[in-house]
Protein chains: 2
Amino acid sequence: MPTGKLDDYIMFSSGGQGGQVLVIGLPSMRLLKVIGVFTPEPWQGYGYGSLETQAVLEGGFAKGKPIYWGDTHHPALSETNGEYDGQFLFINDKANARLAVIDLRDFETKQIVKNPNAINDHGGGFVTPNTEYVIEGPQYATPIGWEYAPVDQYKEKYRGVITFWAFDREKGRVDVARSFQIELPPYWQDLCDAGKKVSEGWIFCNSINTELATGGIELGLPPFEAGTAQRDMDYLHIINWKKAEELVKAGKAETINGIQVLRLETVAQEGVLFFAPEPKSPHGADVAPGGDYIVVGGKLDPHVTVYSFQKIQDAIAKGPTEKDEYGVPILNFDDVKEAQVELGLGPLHTQFDDQGYAYTSLFLDSAVARWSLGGPYRQDGWKLEGKLPVHYNIGHLAAAEGDTVSPDGKYLVALNKWSIDRFALVGPLHPQNLQLIDISQPGDKMQILYDMPIGIAEPHYAQIIKADKLQPWEVYPEVGWDPLKQAVDPNAPQAGQERIERRGNTVEIWMTAVRSHYKPERVEVKKGDHVIWHITNVDRARDATHGFALPGYNISLTIEPGETTTIEFDADQAGVFTYYCTEFCSALHLEMMGYFTVQP
Amino acid sequence: MPTGKLDDYIMFSSGGQGGQVLVIGLPSMRLLKVIGVFTPEPWQGYGYGSLETQAVLEGGFAKGKPIYWGDTHHPALSETNGEYDGQFLFINDKANARLAVIDLRDFETKQIVKNPNAINDHGGGFVTPNTEYVIEGPQYATPIGWEYAPVDQYKEKYRGVITFWAFDREKGRVDVARSFQIELPPYWQDLCDAGKKVSEGWIFCNSINTELATGGIELGLPPFEAGTAQRDMDYLHIINWKKAEELVKAGKAETINGIQVLRLETVAQEGVLFFAPEPKSPHGADVAPGGDYIVVGGKLDPHVTVYSFQKIQDAIAKGPTEKDEYGVPILNFDDVKEAQVELGLGPLHTQFDDQGYAYTSLFLDSAVARWSLGGPYRQDGWKLEGKLPVHYNIGHLAAAEGDTVSPDGKYLVALNKWSIDRFALVGPLHPQNLQLIDISQPGDKMQILYDMPIGIAEPHYAQIIKADKLQPWEVYPEVGWDPLKQAVDPNAPQAGQERIERRGNTVEIWMTAVRSHYKPERVEVKKGDHVIWHITNVDRARDATHGFALPGYNISLTIEPGETTTIEFDADQAGVFTYYCTEFCSALHLEMMGYFTVQP
Ligand SMILES: [Cu+2]
Ligand SMILES: [Cu+2]
């Protein structure tokens, strides 16, 4: 990538157990930004004093308990007609069952919602083709709603719960009141994908513990890794979300902890939920660009299994004769299976391109398998085309525009979990390795272009969008902008209106920042005073960000051109504190400071 | 950089107001690791439950108040005989006046010390040539020891304070008892560098507010940016630290807040502190590889000024006739000046190579100036050789082995503060831009090789070490390793010894983690129990790290092969919590989980 040239694609990658989103340019594989999502980030003023960002983080607290990290798994770009539209990004927190909304005008997190009925999640976020809903799928079954039940009541009391977070595009927020959940059996639902085109209105999730294993190696019982791998088949979950939406509107849902829940009995009986057998301990249910096929990779089976949506519909119409022990109708495997393609060891996740090829990660083989789709996609369908070794232990993979109805081809990124010897040793904790792969040539001609170490958490999944679909702001539209409301704050400090006001023991400050000074430069209060401090960056030049550090008070702000922000704290410590600009904004940036003096 | 090839150099860069250290490979300019230092990092298990890492962070609390971020400025590699030895890295926190120690065997932070007498700092860390001391220089003057004094008592009550943290290489820790501070006038001391070879035993710091400006734009007074720029000359601080050490040992220091302090009067009278005039609002005092010259860049003066250490010694021997208003002897400018070289607008910081060239960042010109040293370095000395435009607004720069007595040449990195249009737009908050420059050709032939966006805070300064000088561990030496003690923990869980013990309402767990299960997989306690939970990763393969997430309790651990760690908390919430491995350690990593059940 020559100096000064801009990237063609932008990849939004999960930041794994760092709790953030990584923004990476393609093909340069350069890390352009880390977006603070579930974890406070002092350098971007996220969760270090700013009231606006603290409000976002507190939206994700669990029953009032602070949670300041997340395990981000599956970023999902908002879609219009099944195409990424570049407006919003959603991402889940597996560890604490939460979902975050990022506005792609300023690349900042605007909302975190806590799932009130789940302890953890996994298969989310995934969006419906017009972003009506952002789907948060479950992982490890627990009693619904943080209740206690002993593990030996697993079968009766533990459940999966999948959430359909209704998204209000106008407000840029999840609307909890219109959202709903579906109770599922305590199989470990894993990854989901939304139907599109012919299958719009449906979603599909794989699952991995239909054995109902509950571990207990310390008691001489099989550990989870063995207990969950006993059956040859698990269940692909097939969910009619439009039908579910109708049932919710018809009042068939029960409100549990503030959200509407369709009970398992209801969805099993009313044609919302169906199962199809799937081999074996799979990880990934991926819908082909036309919505006509669903691909499942069974990590303990060398094949991918392809289901036909039409055959699923036919089997449902015919009427399934079998049910699982929770009363959910099971479709016959041979009725719904379109093809099985043998790829190698440990197939996990599948992506698509514009040539009718599919790409499946092979964890145990440390390889990417390219294979051809049949049906309308390619004449020579359902066969392995070639394998490319990657380094090492690939989890997910991401293709350019790969989850849309019209993937781009060109580039594929392998998200490898181990790097071992690929990079200079930096201690026992190794970076991950994201490898850029050229997939523009046909057949078995795939080529690794670049190894990108990720020395910051373990990216789980990523989506790649054409750069020109994004329309970010260079600076905030107007001076005094509140990025949470995405509107001018009428109370924002403006140039010439700076002041300090005292009301009783509350001191309120309206301050501006401009290259290269704050106004005011001296703020004096008394110990015990309550301080409310507004700051506006009145600079309008691109990249003219100012920082604000207040020593001893754990406060760090980053204020972009036009932005206004507010901090609030008790001056509980007497002394002389030096606030200063943490961004090297000008030749005299070291001189951009002031004295906050607290009288004893 | 071809796939699989390892880097020749490792750059340790400040992570700016992110509070971390960035580890970057050269020449690939790939981010290999972010080391958690002042800010908790959930993905590396730093400050998210682990008792060992919490103890490190608490060492940096300010008078008991939690501080969970820092503004890292100047990383300093440990040195032996003036060469980087690859053992330790030090970095300061400008915002809160702290210093951190990182052990380069495992690239983890082992200690944070809070400066008890300063609110903020800047010119640190810098090491003496055998790492006897890590120097933490001041920035904005305040009353010593967090005391209150109004701004209008600035001249009388406000002071600078420079700290010499004694380093115990054996223990890998700063030894506060042997450390000392020196009181300085309330000029804003800025950047420091240690003398080496002929000047070993001395240090040099520039300063920027000998005007004693106190701001007050809101009162109609000159803002700091104007008030601090009134004089044509500031003072280069020349400090004889070996003499200071003798005075401390001779009992001439006063203990203030637990640390020995040499008072200004003492150091002014006893030949510890001297001033030399320096033009104008400089940023940087950099000692040439031989220790013979000190280079100061005056950001409001187009020249760099070069001081001769021999001339400084001669002037001191002759006896300075002038003093500043605090009684500090001032050397005559013409007596100590060796040369002035006109470079351009906004010279800040200077680095050196193996050809006798110096490189100075020009902030306002957005350029790197290469110029020749005279004296023993080059025949054609003290002249500008060429300038290379960089993009944009360069602050510091770093050359390969650039702060040692024998720099390598080859590579220079420009740490540019603004990127503006260099990268795809990612919202109003822009990345920084680190540019790799080839300096292997002579004269004006410098060439930009690569633009590296830094989408994570603002790197301030960096040091670059030969990769083969580092000897990091691939895995911890033995199973049950405590990374804080760097020794086996006799209480660490070992395979076959896993157990759960109850003592009253305390439940203690000894757990192991191995691909792909924890043992035990079920932990049951009662609400209100106090839980002590030890976990050892008994895997021995390189890169076989396990994670440990506990939902709802804000706990995230990363446990490298052999490592043991401990968490401790009150089970204050009943329910079923699913702990699981956050690192994709094997094909069945999703199954690596357990149930933590809390009876109501
Ligand atoms: Cu996954
Ligand atoms: Cu600096």
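Structure: see above.
In this report, the structure presented in the accompanying data block is examined. Keep in mind that this is a model prediction, so the values were computed, not measured.

Under ideal tetrahedral coordination, the four donors around a metal are separated by 109.5 degrees; under ideal octahedral coordination, the six donors are separated by 90 or 180 degrees. All names here are of chain A. Taken together, H122 (NE2), H283 (NE2) and H460 (NE2) make up the full set of protein donors to the copper ion (ligand 1), lying 2.1 to 2.7 Å away. Of note, the copper ion (ligand 1) draws all its donor residues from one chain, in the sequence arrangement H-x160-H-x176-H. In this pair, H122 sits in the loop between β7 (108-114) and β8 (124-127) while H283 sits in strand β19 (residues 282-287), placing the two residues 161 residues apart along the sequence. As far as burial versus exposure is concerned, H122 and H283 are alike and both buried.

Within the structure shown, the criterion is met by 85 aromatic pairs over all chains. For the ring pair Y154(A) and Y595(B), a centre distance of 6.3 Å and an interplane angle of 70° mean the geometry is edge-to-face. On the criterion of chain membership, the pair formed by Y154(A) in helix α2 (residues 154-157) and Y595(B) in strand β45 (residues 593-599) is interchain, its members lying in two chains. With respect to class, Y154(A) is no different from Y595(B); both count as buried. Here F204(B) and F309(B) contribute two aromatic rings whose centre-to-centre distance is 6.2 Å and whose plane-to-plane angle is 85°, an arrangement assigned as edge-to-face. With a gap of 105 residues between them, F204(B) in strand β14 (residues 202-207) and F309(B) in helix α6 (residues 309-318) connect regions that are remote in the sequence. The exposure class of F204(B) is buried, given its relative accessible area of 0%. For F309(B), a relative accessible area of 5% puts it in the buried group. Just above the ring of W510(B) sits the side chain of R499(B); from NZ or CZ to the centre is 3.9 Å.

All names here are of chain A. Read from one edge of the open sheet, 4 strands run β3-β2-β1-β33, paired in antiparallel fashion. Edge positions in the sheet fall to β3 (30-35) and β33 (462-466), since each has one partner strand and no second. Going from strand to strand, the sheet's axes swing by 25° on average, the running direction of each strand aside.

The next subject is the interface of chain B and chain A. Counting residues at the interface gives 149 residues for chain B and 148 residues for chain A. Our count for the chain B to chain A interface comes out at 4 salt bridges. Close ionic contact of E591(A) with K299(B) constitutes a salt bridge, the shortest N to O distance being 3.0 Å. Applying the counting rule to chain B against chain A returns 66 residue pairs in polar contact (both at pLDDT 80 or more). Here the residues of the side of chain B that touches chain A are counted per class, giving 78 nonpolar, 40 polar and 31 charged.

Analysis parameters
- Residues numbered from 1 in each chain as written.
- Chains lettered and ligands numbered in written order.
- Predicted model: local features only at pLDDT ≥ 70, side-chain atom pairs only at ≥ 80, totals over all residues.
- Heavy atoms only, no water.
- Donors = N, O, S within 2.8 Å, 3.2 Å for Na, K, Ca; no water.
- Helix = DSSP H or I, 4+ residues; strand = E, 2+ residues; numbered from the N terminus.
- Buried < 20%, exposed > 50% of the residue type's maximum accessible area, 1.4 Å probe, protein only.
- Phe/Tyr/Trp six-rings, centres within 6.5 Å; stacked < 30°, edge-to-face > 60°.
- Lys NZ or Arg CZ within 6 Å of the ring centre and 35° of its normal.
- Pairing = 2+ DSSP bridges.
- Axes fitted to C-alpha atoms, helices over the stretch in contact; angles between N-to-C directions.
- Contact = heavy atoms within 4.5 Å.
- Salt bridge = Lys/Arg side-chain N within 4 Å of Asp/Glu carboxyl O.
- Polar contact = N/O pair within 3.5 Å; in protein donor to acceptor, adjacent residues only side chain to side chain.
- Nonpolar A, V, L, I, M, F, W, Y, C, P; charged D, E, K, R; others polar.

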